[in-house]
Amino acid sequence: MDDRDQETVLARDRRQQAVTDDFLHWIAVARELVADHFPSERAEPHNALVIDTARSLMLAHRLGGIEATLEGMKQALAISKEN
């Protein structure tokens, strides 16, 4: 395996770990949120709700980052067109 292949594998592994860490963070947030708002849910529905909530929170967070990046790109493009 050459250096480029190793770098690709390492980058992929880092990305996978970052996604895992990010999801676990959102699981913790979702557990608190679901417990606060649905305290009497049974175990299986409760767990499904936690997973769905975590997924939604994570996607909303990422979408916000994408929107912010796009807005920055739009502003940079507008400035470059003015010049």
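Reading the values: the criteria
- Residues numbered from 1 in each chain as written.
- Predicted model: local features only at pLDDT ≥ 70, side-chain atom pairs only at ≥ 80, totals over all residues.
- Heavy atoms only, no water.
- Helix = DSSP H or I, 4+ residues; strand = E, 2+ residues; numbered from the N terminus.
- Rg over C-alpha atoms; globule rule 2.2 N^0.38 Å.
- Buried < 20%, exposed > 50% of the residue type's maximum accessible area, 1.4 Å probe, protein only.
- Contact = heavy atoms within 4.5 Å.
- Areas by Shrake-Rupley, 256 points an atom, 1.4 Å probe, with all protein chains shown as cover.
- Expected span 1.5 Å × (residues − 1).
- Axes fitted to C-alpha atoms, helices over the stretch in contact; angles between N-to-C directions.
- Parallel < 35°, antiparallel > 145°, perpendicular 65-115°, else oblique.
- Left-handed = near helix turned anticlockwise from the far one by under 90°.
- Nonpolar A, V, L, I, M, F, W, Y, C, P; charged D, E, K, R; others polar.

Some thoughts on the overall build of the chain
Across its full length, the chain holds 2 helices and 0 strands. The C-alpha radius of gyration computed for the chain amounts to 19 Å, which surpasses the reference 12 Å derived for 83 residues by more than 25%, pointing to a less compact arrangement than a globule. Taking the principal axes of its C-alpha atoms as reference, the chain extends roughly 60 × 45 × 15 Å. Here the chain, with 83 residues, has 12% of them falling under the buried criterion. The contacts in the chain between residues at least 6 apart in sequence include a share of 59% that link residues at least 24 apart. Surface exposure of the chain reaches about 6,900 Å², of which carbon and sulfur atoms provide 57%.

What about helix 2 (residues 43–82)?
With 40 residues, helix 2 extends 58 Å from end C-alpha to end C-alpha; this agrees with the ideal 58 Å at 1.5 Å per step. What helix 2 keeps buried is the set His-46, Val-50, Thr-53, Ala-54 and Met-58. Looking at the buried side of helix 2, the elements it contacts are helix 1 (3–37).

As for helix 1
Compared with the 51 Å implied by 1.5 Å per residue over 35 residues, the 51 Å span of helix 1 between its first and last C-alpha is a close match. Listed in full, the buried residues belonging to helix 1 are Asp-22, Trp-26, Ile-27, Ala-30 and Val-34. Of the surrounding secondary structure, the elements contacted by the buried residues of helix 1 are helix 2.

Quick word on the environment of Ala-35
Take Ala-35: it is sitting in helix 1. By relative accessible area, which is 38% here, Ala-35 ends up partly exposed. Each C-alpha atom, one on Ala-35 and one on His-46, is 8.4 Å from the other, the two residues being 11 residues apart in sequence.

Quick word on the packing of helix 1 against helix 2
For any two helices packed against each other, the geometry comes down to the angle between their axes and how far apart the axes lie. At a minimum axis distance of 8 Å, the contact between helix 1 and helix 2 shows a crossing angle of 120°. Regarding the angle of helix 1 to helix 2, the classification is oblique. Of the two elements, helix 1 crosses helix 2, and the hand of that crossing is right-handed. Taken together, the residues of helix 2 that come into contact with helix 1 (itself represented by Arg-15, Val-19, Asp-22, Phe-23, Trp-26, Ile-27, Val-29, Ala-30, Arg-31, Leu-33, Val-34 and Ala-35) are His-46, Leu-49, Val-50, Ile-51, Thr-53, Ala-54, Arg-55, Leu-57, Met-58, His-61 and Arg-62. Looking at the contact of helix 1 with helix 2 residue by residue, the classes come out as 15 nonpolar, 3 polar and 5 charged.

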